[in-house]
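Chain and residue survey
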Amino acid sequence: MTSVAPGQPDESLTVTAPAPQVEAGQMVERADEPAPYIARPYRALERELERAVRDRVEVNLRVTAAVTAMHDGGGTWADIARILGTAPQTAHKKYSKPRPPRTTGPD
C-alpha cells in the first residue's frame, strides 16, 4: 500500500493515452477531447451523478415534508433538531414557514 500526501495526485490512478504517431497530412486528435476508451465510462459517471442529484432533491422534499408534519403535529424544534442531528436554531431557520411581513400602523 502506498500513501499519498494530502493535496497530491495519486499517480497510480492516472490514465494516460499513448502519444499518437503523426504522418504528413494526418489529422491529430485534440488534447482537450477525451480518448475513446475514457469517454464511455465518463458518460456512465455523468448519468450516475445526475441520478444522485435527482435522488437528493427527492430526499430533501421528503425530509422537509416530515419536518413540517412533525412540527405541525406538536413536535418542538428541539425534538426535530435532535433527529436531524443539528441545533434547534438551525432546524428552525431551515424548515420554518416564512411569516407574512409586518405591517406598520398609519403614521
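Computed from a predicted structure; not experimentally measured. (Residues numbered from 1 in each chain as written. Predicted model: local features only at pLDDT ≥ 70, side-chain atom pairs only at ≥ 80, totals over all residues. Heavy atoms only, no water.)

Another point: the overall build of the protein chain. Along its length, the protein chain carries three helices and zero strands. When the helices and strands of the protein chain are read in sequence order from the N terminus, they spell out α-α-α. Buried positions account for 8% of the 107 residues belonging to the protein chain. When contacts within the protein chain are restricted to residue pairs at least 6 apart in sequence, those whose partners lie at least 24 apart make up 14%. Accessible area for the protein chain stands at about 10,000 Å²; split by element, carbon and sulfur atoms hold 57% of it. (Helix = DSSP H or I, 4+ residues; strand = E, 2+ residues; numbered from the N terminus. Buried < 20%, exposed > 50% of the residue type's maximum accessible area, 1.4 Å probe, protein only. Contact = heavy atoms within 4.5 Å. Areas by Shrake-Rupley, 256 points an atom, 1.4 Å probe, with all protein chains shown as cover.)

Turning our eyes to something else, we now look at the packing of helix α2 (residues 77-84) against helix α3 (residues 88-95). One can describe the packing of α2 onto α3 by two numbers: an axis separation of 8 Å at closest approach and a directional angle of 95°. Judged on the interaxial angle alone, α3 and α2 are roughly perpendicular. Facing W77, A78, I80, A81 and L84 of α2, the residues of α3 in contact are P88, A91, H92 and Y95. Counted by class, the contact of α2 with α3 contains eight nonpolar, one polar and no charged residues. (Axes fitted to C-alpha atoms, helices over the stretch in contact; angles between N-to-C directions. Parallel < 35°, antiparallel > 145°, perpendicular 65-115°, else oblique. Nonpolar A, V, L, I, M, F, W, Y, C, P; charged D, E, K, R; others polar.)

If you look at the biggest cluster of nonpolar residues, it comprises six residues: V67, W77, I80, A81, A91 and Y95. Considering each element in turn, this core owes the most residues, three residues, to α2. (Core = buried A, V, L, I, M, F, W, Y, C linked by side-chain atoms within 4.5 Å.)

Taken together, the side chains of L49, V53, V57 and L61 make up a nonpolar region of the molecular surface, amounting to roughly 370 Å² of accessible area. One can find L61 in helix α1 (residues 36-72). (Patch = residues over 30% accessible without salt bridge, like charges linked within 9 Å, V, L, I, M, F, W, Y side chains within 5 Å. Salt bridge = Lys/Arg side-chain N within 4 Å of Asp/Glu carboxyl O.)

Turning our eyes to something else, we now look at the environment of T64. Here T64 lies in helix α1. Residue T64 is classed as partly exposed on the basis of its relative accessible area, which comes to 34%. Residues T64 and S96, 32 residues apart in the sequence, show an inter-C-alpha distance of 9.6 Å.

Residues at a pLDDT of 70 or more form 61% of the protein chain, whose mean pLDDT is 79. The least confident element of the protein chain, judged by mean pLDDT, is α1 at 89; the most confident is α2 at 97. (pLDDT = per-residue confidence, 0-100.)

The next point concerns the pattern of salt bridges. Two side chains that carry opposite charge are able to pair once their charged atoms sit near each other. One pass over the structure, following the stated rule, counts two salt bridges. Salt-bridge contacts for D72 lead to K97; the nearest nitrogen and oxygen are separated by 3.3 Å. Linking D72 in helix α1 with K97 in the segment after α3, this pair joins segments that are 25 residues apart in sequence. For the pair formed by D72 and K97, the shared burial category is exposed.

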